[in-house]
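What follows is the residue order along each chain.
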Amino acid sequence: LTRPAHAAGRFGFAPVEASTLDTITLPEGYNWHTVAVWGEPMWSDAPEFDHATRGSADSQVRAFGDNNDGMALFTRDGRYILAVNNEYTNRKVIWGNREEGKPADEDDILKGMLAHGVSVVEIARQDGKWSIVRDSAFNRRITPQTPMEITGPARGHDLMKTAADPAGVRALGTWNNCGNGRTPWGTYLTCEENFNGYFSSSEEIQDQKPVALPEGFARYGIGPKDWGYGWALVDERFDIARHPNEPNRAGHVVEIDPLDPASMPKKRTALGRFKHENAELVVANDGRVVVYLGDDERGEFIYRFVSDGKYVAGGDNADLLENGRLYVARFHDDGRGEWLELTPETTGMKSRAEICIHTRQAASAVGATTMDRPEWVAANPLKAEAYCCLTNNKNRAAKPNAGGDPTPVNGPNPRAANNYGQIVRWAPDNEDHTANTFSWDLFVMAGNPAVHTDAHAGSRNVTEENKFNSPDGLAFDSTGLVWIQTDGNYSSEGDFAGMGNNQMLIGDPASGDIRRFMVGPKECEVTGFAWTPDRRTVFIGIQHPGEKGNSHWPEGGDAVPRSAVIAIRRDDNGVIG
Ligand code: FEO
Ligand code: CA
Ligand code: CA
């Protein structure tokens, strides 16, 4: 494989080297500071974060949530409002003051629950640094307890009805909010990903098998045991033996008005139910709204929603995501592909409601292409094309997730054992995001040219200088450069030798060049982006530093490691990129 010399090209910075240090590494001439940190009070009546106790349920519900992920920045009258997902919590960190990192009491479980959801915070820059404006009227915590309206085809369906909500129209809360989207009408989209890990069953387990799980639970990984959060112990709706329809009300995209703290979030069931990564929205040439959606699980799919209504600048766009058509991608090996619509006729399901609840099964029915874990999708603002990170697939040979399709090697997923991941991109025919056919190619196949000489060395735009694994976060800046964040193996050994901690790189779609811009602290992933309108600050998320116990970022010393949003700026106050 030949390696092109680095074109100075589009990049206004010198690449940074891989690093295993417990800090943020940036190119010369750039600096960073924390903006919002897990447990930081959002109101002045909340206590400062306590490193000994790591807070309580009461302090957490008034503080910035944990494990920040996707985010978006909104402005009003010169004020800046940041909406940030709080995906999950590391139990060994949040309960690290307890024996074996397990909850000691109900308050611990509630503290963990309330660390999830979304934090909406006003931020302001004073003395050169951005920070939370405490007591701002915009500040809001959205948690797994916040009432939400169920909208779209699944609203009111029998599978959405519960004892507490016999009409199936109002759910409580959102959790495991991974990537995000934002709409041109000023709302925030938060995407429910691994919602399954919070449910458990109070029924006996016989022969290691759950008792009579409802149809469709296996495909979503919903089973009798949760992942250790214990929520069913404090709130019985997480007990699937007593409330078997509750999981159907999770796994959706939720639309939030970040500028109206009294507004009720809306679950948009029309966008399908699966392990949503993010929601990348583009307005098509004819004004219809197109949302690209990845389902992050081994062997699952990439989806597209096309609204029935059209976006009108300044018009009433509030419910454009309530009704539309849902499609799933089929990639052909010859570089072409098509969007397959999910309808009762194509899927054999009884109704659109059922398709929007059992979306994975519907997509299997039409013959969608299994993918190597679709993470963020990003659309190029300067060209009709979209990119999706396929983070990795370490277990293709093993059985796919229960009930899923076989996952053979195929065009966009060309490596049998895929430790490194790749980024696929597609260009819709006629430069029209509503077109049902497209052409695709791989923007990059990650790899390690120091360890391999075959396909695992990566595509020719992967070099000793920029190598990385497991692309996850993805976004375009307004100049058309594509920013890539990683959530992968940070051992820097073996197959991953020399890659260092998780990192962020910037790619040029035209030349294919990729250059490393940032390295995160130990054991973190880098996830989430937001730019100020003047592009002199970029906000980036650092999630789960020290998830295995080996970081004290950001405070250092013996501090508890804490996820945080950071601001990156140039020393000369220049435009970033
Ligand atoms: Fe929450 Fe697929 O990352
Ligand atoms: Ca992710
Ligand atoms: Ca990931």
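We now turn to the structure provided with this report. As the structure is a computational prediction, the values presented were derived from the model and not from experiment.

1. Examining the coordination of the calcium ion (ligand 3)
When a metal carries six donors in an octahedron, the ideal angles between them are 90 or 180 degrees, while four donors in a tetrahedron ideally lie at 109.5 degrees.
Moving on, step 1. Within the protein, Glu375 (OE), Asp472 (OD) and Asp487 (OD) serve as the donor atoms for the calcium ion (ligand 3), at 2.4 Å.
Moving on, step 2. Along the chain, the residues that donate to the calcium ion (ligand 3) are spaced as E-x96-D-x14-D.
Moving on, step 3. The distance between the calcium ion (ligand 3) and the calcium ion (ligand 2) comes to 4.0 Å, and Glu375 binds to both of them. Taken as a pair, Asp472 in strand 22 (residues 471–476) and Asp487 in the loop between strand 23 (482–486) and strand 24 (503–507) lie far apart in primary sequence, 15 residues in all.

2. Brief notes about the side chain of Thr269
Moving on, step 1. Tracing the backbone shows Thr269 in the loop between strand 12 (266–268) and strand 13 (276–283).
Moving on, step 2. Polar contacts involving the side chain of Thr269 include one to the main-chain carbonyl oxygen of Thr151, which spans 2.7 Å.

3. Concerning the nonpolar core
Moving on, step 1. Core analysis: the largest hydrophobic core is formed by 44 residues, its most contacted members being Leu474, Trp483, Phe517, Met518, Ile540 and Ile568.
Moving on, step 2. Apart from the residues lying within four places of it in its own chain, the contact partners of Phe517 are Phe13, Val16, Thr25, Leu26, Pro27, Tyr30, Trp483, Met504, Leu505, Ile506, Ile568 and Ile576.
Moving on, step 3. Met113, Phe199, Tyr220 and Leu281 belong to the second largest nonpolar core, which has 42 residues in total.

4. Here's the deal with the packing of aromatic side chains
Moving on, step 1. Using the criterion set out here, one finds 35 aromatic pairs in the structure.
Moving on, step 2. Taken together, a centroid distance of 4.4 Å and an interplanar angle of 40° make the contact between Tyr198 and Trp231 tilted. With Tyr198 in the loop between strand 10 (188–192) and strand 11 (253–256) and Trp231 in the loop between strand 10 and strand 11, the pair connects residues that are 33 residues apart, well separated along the chain.
Moving on, step 3. With a centroid separation of 5.9 Å and 5° between ring planes, the pair formed by Phe529 and Trp531 is classed as stacked. For the residue pair Phe529 and Trp531, the accessibility class agrees, reading buried in each case.
Moving on, step 4. Among the aromatic residues, ring-to-ring pairing joins Phe11, Phe13, Tyr30, Trp376, Trp483, Phe517, Phe529 and Trp531 into one connected group.
Moving on, step 5. Cation over ring: Arg91 sits above Tyr229, and NZ or CZ is 4.9 Å from the ring centre.

5. Considering the pattern of salt bridges
Moving on, step 1. Tallied over the entire structure, the rule returns 36 salt bridges.
Moving on, step 2. Measuring nitrogen to oxygen at the nearest pair gives 3.3 Å for the salt bridge that ties Glu297 to Lys275. On the criterion of sequence distance, the pair formed by Glu297 in the loop between strand 14 (288–295) and strand 15 (302–310) and Lys275 in the loop between strand 12 and strand 13 is long-range, its members being 22 residues apart. In terms of burial, Glu297 and Lys275 fall into one category: buried.
Moving on, step 3. One salt bridge in this structure joins Arg288 and Asp286, with 2.9 Å as the shortest N-O distance.
Moving on, step 4. Given a relative accessible area of 24%, Arg288 falls into the partly exposed group.
Moving on, step 5. One connected set of salt bridges, linked through shared partners, spans Arg219, Lys275, Asp295, Glu297, Glu300 and Arg360.

The rules behind these values
- Residues numbered from 1 in each chain as written.
- Chains lettered and ligands numbered in written order.
- Predicted model: local features only at pLDDT ≥ 70, side-chain atom pairs only at ≥ 80, totals over all residues.
- Heavy atoms only, no water.
- Donors = N, O, S within 2.8 Å, 3.2 Å for Na, K, Ca; no water.
- Helix = DSSP H or I, 4+ residues; strand = E, 2+ residues; numbered from the N terminus.
- Polar contact = N/O pair within 3.5 Å; in protein donor to acceptor, adjacent residues only side chain to side chain.
- Core = buried A, V, L, I, M, F, W, Y, C linked by side-chain atoms within 4.5 Å.
- Buried < 20%, exposed > 50% of the residue type's maximum accessible area, 1.4 Å probe, protein only.
- Contact = heavy atoms within 4.5 Å.
- Phe/Tyr/Trp six-rings, centres within 6.5 Å; stacked < 30°, edge-to-face > 60°.
- Lys NZ or Arg CZ within 6 Å of the ring centre and 35° of its normal.
- Salt bridge = Lys/Arg side-chain N within 4 Å of Asp/Glu carboxyl O.

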